[in-house]
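Next come the chains, spelled out residue by residue.
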Amino acid sequence: MPRQPNKVSVTREQKEILLGILLGDAHMELSPNGKSARLTVEQSVRKQDYMEHLHYVFQDWSPGRMVSASNSTNLKFSTKYSSSLRFYHTQFYGEKGRCVPRWIE
């Protein structure tokens, strides 16, 4: 089986939305080997329309199905790991945990 590329293109709209949700409720996870990251979004089931919109916006990043979060009434989805998303992880997560990048004012 040929190796799947783990890079995604980030459109301007995706970048703007990504920055906004990373300042809010979304988070990024670094892959076990540290070479890529993925986006995880979780919201209340009452915000299903909003979640469906985000899922659509990030559809090029191969998000999984939207599922019920364990032990809550939330919905969540995660994208596949991508080396293209590692930049955003390094900007928002420092040695001391989550932070706001200096270049965001």
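For the structure, check the block above.
Since we're looking at a predicted model, the values are computed, not measured. (Residues numbered from 1 in each chain as written. Predicted model: local features only at pLDDT ≥ 70, side-chain atom pairs only at ≥ 80, totals over all residues. Heavy atoms only, no water.)

**A short note on the packing of aromatic side chains**
Then, number 1: Taken as a whole and judged by the stated rule, the model has two aromatic pairs.
Then, number 2: Ring centres of Phe58 and Trp61 lie 4.7 Å apart, and the angle between their planes is 40°; this geometry places the pair in the tilted category. Each member of the pair Phe58 and Trp61 is classed as buried.
Then, number 3: Pairing Phe87 with Tyr88 gives two aromatic rings, centres 5.1 Å apart and planes at 80°, and the pair type is edge-to-face.
Then, number 4: Residue classification places Tyr88 among the buried residues on the basis of a relative accessible area of 7%. (Phe/Tyr/Trp six-rings, centres within 6.5 Å; stacked < 30°, edge-to-face > 60°. Buried < 20%, exposed > 50% of the residue type's maximum accessible area, 1.4 Å probe, protein only.)

**Looking at the sheet that holds strand S4 (residues 74–78)**
Then, number 1: Within the open sheet, the four strands sit side by side as S1-S2-S4-S3. Their pairing is antiparallel. At either margin of the open sheet sits one strand with a lone partner, and together these are strand S1 (27–30) and strand S3 (67–68).
Then, number 2: Direction of pairing for strand S2 (residues 37–44) relative to S4: antiparallel, over a ladder of five bridges. By the bridge assignment for S4, Gln43 is matched with Leu75.
Then, number 3: This element, helix H1 (residues 12–23), spans S1 and S2 of the sheet and lies at about 65° to S2. (Pairing = 2+ DSSP bridges. Helix = DSSP H or I, 4+ residues; strand = E, 2+ residues; numbered from the N terminus. Contact = heavy atoms within 4.5 Å. Axes fitted to C-alpha atoms, helices over the stretch in contact; angles between N-to-C directions.)

In short, shape yes, function no, at least from these values alone.
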